[in-house]
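Reading the structure
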Amino acid sequence: MESRNFLRFLAISLSVSLVLFFTWVHLPYAPQPNTTTDLLYCSTNSPWCTSKNRFQSINKPSTADNILEKPPNPKHHKVHNHESDTPHHPLDPLTISEINRVRTILKSHALFKSSSPFAFHSVVLEEPDKTLVLQWKKGDSLLPRKAAVVARVAGKSHVLTVDITTGEVAVQETGSRSGYPTMTIEDMTSSTWAPLSNADFNRTIIQRGVDLQDLACLPISLGWFGESEENRRLIKVQCYSMEGTANFYMRPIEGLTVLLDMDSKEVVEISDKGRDIPIPKAANTDYRYSAQKINPEMMFVNPISIEQPKGPSFTVEDEHLVKWANWEFHLKPDPRAGVIISRAKVRDPDSGEMRNVMYKGFTSELFVPYMDPTDAWYFKTYMDAGEYGFGLQAMPLDPLNDCPRNAYYMDGVFAAGDGTPYVRSDMVCVFERYAGDIGWRHSESPITGMEIREVRPKVTLVVRMAASVANYDYIVDWEFQTDGLIRIKVGLSGILMVKGTSYVNTNQVPGQQNLYGTLLSENVIGVIHDHYITFYLDMDIDGSDNSFVEVNIKKQKTPPGESPRRSYLKAIRNVAKTEKDAQIQFKLYDPSEFHVVNPMKRTRVGNPVGYKVVPAGTAASLLDHDDPPQKRGAFTNNQIWVTPYNRSEQWAGGLFVYQSQGEDTLAVWSERDRPIENRDIVLWYTLGFHHVPCQEDFPIMPTVSSSFDLKPVNFFESNPILRIPPNVEKDLPVCKPAASA
């Protein structure tokens, strides 16, 4: 009984946080995490933070107290009590008091009054109509506040709209779509310990040589593979041994899978097909810094900190409106998307007006199919946003390591399964980045006789979140540049999902056997898999009515005798009339640029103003289109899609993703082939990664990143950062450590 209680506590701890021990990557020079004591803090009040116009004699003894000022709280705005939050903007997320109000209203509604069990799977702001938000100005009365609620009552899913002021509840029609809502944290928690009530399961664990007190289990979504899985919410549970390591992911009990009814918690089936496969050893799997044996000959990197004596250049007004340099945008955490960027505007350097760029952007879905068709692996085809909640899995960011010293931290306020609000602290950070990059430069050649050397530094603003979805960590950055560019970057780190094997060396593997991955260590295979991250981008270039233009770059041949050249390139513009014209698969030898333009607004010389997608992370899905996982993940069939704006079409995998069959996806919507020319349109972009694991990924992966850009194209009349000043010595502090005093 004591071990059962311990396991329940362990399962709850694992599921509530889906623990991913995201600390420090095991690199050859063994870096240490930054700590406050390692980093000098410079402020303009510090005698040792000097600049050329402030050199002066300071007759004070050299003590730590006067050389290093006490660092500020990494959260440079005071931690506030969310109980007192009030909305200031139509897009502000629901506050604690509003979530409590929604909970109270629904508990008195007829749907929830019966004794039937119910759970709230999502309680978020029902955003007002786009036209109303665009018309709203600061100082206007706040638009009516409503909540969008997804709930399950007596085994049936419901979508409701709750008017927070009037208390009115509208129940929406969900149609006959397949699938279930995003799991609640409580779903995941209860599923991990439910098998422990089954004697056959406990007996199997002991027979596999694992002490019950060392057991760690994870809830694994099972996709959809046929009629046998319909009409009940199912989940699979697989387990690991924690003995001797915090990195239990590297010690799978291979081949053991429990099929569970998520609602009744009934064990439907236990499959144990790995009894001859040993559990990998714990040696060398712990990635925590405290567990590392440091070679004294290894070189450490000295601590680096970018100081801002005058403080950050950005402000966050009313908790959610970010203003920096020539940018402003609304920022909020979201339990499914992670973060949502809205009403992004950039200031025109000539007119001074704030110009619309993007109405709304967020991570719509993540599709992660593993490439092992065997019994314990074929179903691992995750939809991390729609099944688990990308924002629900966001972990508190680590100051000085996830984000630099002068970062601003934003909390998420979400609703638990019973509707009770809770705070996910430090979920998002905002900071300025300077990494020595160059905004623009030119040095004149000496042969011209002109001594010109003009260089401008590039400083950017980053919005960051990190989600730990079980073993994997995703780092998502929205980076804003003063030249008008927005870079969206995804970093992959964390721990591989590995497969146990009887092999300890590749020389034991028969030549024709497919391991479905790479032997990383003794008895450990890293399974090949893909990552696809699909972004929703409601571009509003100087207004809502835009067009999508594919600028095809074609080889042209010169007529005989016309030129010494035989060929050149020509840009041919094709305006997409309907959705199928904008279904784009990238081709290396048939290149194009992809523009979103406002055809009704032109520059001084007549070009339509616009932005273009600069692709990267272009791995494409190679799965058959009729493979069940690819049917559900059909939004990865193209790298770019363009659809007409429809507020009901925001989640690329559909509203209800869990066990869905793929009939409510971006691919299905786009087949309607609706008009998109000079309309309010949404652009969808998918970043793709193929991951063939290697030994350097063991026991924890160095971060690999890719990004794509939204770049101005004829949006400005000329270089928008032409007038920014260069750095000069007098403006930059010089921080001196005690040893140099």
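In the nomenclature of an unreviewed UniProt entry, the protein chain is known as Amine oxidase of Salix viminalis. Turning to the protein chain, the UniProt record has this under Catalytic activity (unreviewed entry): "a primary methyl amine + O2 + H2O = an aldehyde + H2O2 + NH4(+)". Note on the protein chain: under the UniProt heading Sequence similarities (unreviewed entry), the record states "Belongs to the copper/topaquinone oxidase family."

**Side note on the overall build of the protein chain**
The secondary structure content of the protein chain amounts to 10 helices and 34 strands. When burial is assessed residue by residue, the protein chain has 53% of its 741 residues classed as buried. Considering only contacts within the protein chain whose residues lie at least 6 apart along the sequence, 70% involve residues at least 24 apart. Accessible area for the protein chain stands at about 33500 Å²; split by element, carbon and sulfur atoms hold 51% of it.

**Comments concerning the state of the cysteines**
This structure, assessed with the given rule, holds 2 disulfides. The disulfide bridge from Cys-217 ends at Cys-239, spanning 2.1 Å between sulfur atoms. Disulfide Cys-217 to Cys-239: torsion about the S-S bond roughly 100 degrees, handedness right-handed. Separated by 22 residues along the polypeptide, Cys-217 in strand S6 (residues 215-220) and Cys-239 in strand S7 (residues 234-241) bring together distant segments of the chain. Comparing Cys-217 with Cys-239 shows no difference in burial state: the two are buried. One disulfide bridge connects Cys-403 with Cys-429, the sulfur atoms lying 2.2 Å from each other. Looking down the S-S bond of the Cys-403 and Cys-429 bridge, the torsion is -90 degrees, so its handedness is left-handed. Of this pair, Cys-403 sits in the loop between helix H8 (384-388) and strand S16 (408-415) while Cys-429 sits in strand S17 (residues 421-433), and the two are 26 residues apart along the sequence.

**Focus on the sheet that holds strand S8 (residues 256-261)**
The strand order S6-S7-S8-S9 describes an open sheet built from 4 strands, whose pairing is antiparallel. Each edge of the sheet is formed by a strand with only one pairing partner; in this case those strands are S6 and strand S9 (267-272). The average undirected angle you get between the axes of adjacent strands in this sheet is 25 degrees. Summarising the sheet, S6 and S7 pair through 6 bridges and their orientation is antiparallel. From the neighbouring strand, Ala-216 faces S7, where its bridge partner is Tyr-240.

**Concerning the side chain of Ser-191**
Relative to the helices and strands, Ser-191 resides in helix H6 (residues 185-193). For Ser-191, a relative accessible area of 0% corresponds to the buried category. At a separation of 2.7 Å, a polar atom in the side chain of Ser-191 contacts the main-chain carbonyl oxygen of Asp-187. Once residues lying within four places of it in the same chain are set aside, the contact partners of Ser-191 are Pro-219, Ile-235, Val-237, Leu-260, Met-262 and Lys-265.

**What to know about the pattern of salt bridges**
Tallied over the entire structure, the rule returns 44 salt bridges. Between Glu-126 and Arg-647 there is a salt bridge, with the nearest N and O atoms lying 3.4 Å from each other. Of this pair, Glu-126 sits in the loop between strand S2 (118-125) and helix H5 (130-135) while Arg-647 sits in the loop between strand S31 (640-644) and helix H10 (666-670), and the two are 521 residues apart along the sequence. Assessed through its relative accessible area of 25%, Glu-126 is described here as partly exposed. Relative accessible area serves as the criterion here: at 34%, Arg-647 is assigned to the partly exposed category. Here Glu-717 and Arg-604 are joined by a salt bridge, their closest N and O atoms 3.1 Å apart. Taken together, the residues Glu-717 in the loop between strand S33 (701-713) and strand S34 (734-735) and Arg-604 in the loop between strand S29 (592-602) and strand S30 (608-614) connect sequence positions 113 residues apart. Looking at Glu-717, the relative accessible area reads 35%, which means it is partly exposed.

Reading guide: rules and limits
Residues numbered from 1 in each chain as written. Predicted model: local features only at pLDDT ≥ 70, side-chain atom pairs only at ≥ 80, totals over all residues. Heavy atoms only, no water. UniProt positions renumbered as here; feature names shortened; annotations may be inferred. Helix = DSSP H or I, 4+ residues; strand = E, 2+ residues; numbered from the N terminus. Buried < 20%, exposed > 50% of the residue type's maximum accessible area, 1.4 Å probe, protein only. Contact = heavy atoms within 4.5 Å. Areas by Shrake-Rupley, 256 points an atom, 1.4 Å probe, with all protein chains shown as cover. Disulfide = S-S within 2.5 Å. Pairing = 2+ DSSP bridges. Axes fitted to C-alpha atoms, helices over the stretch in contact; angles between N-to-C directions. Polar contact = N/O pair within 3.5 Å; in protein donor to acceptor, adjacent residues only side chain to side chain. Salt bridge = Lys/Arg side-chain N within 4 Å of Asp/Glu carboxyl O.

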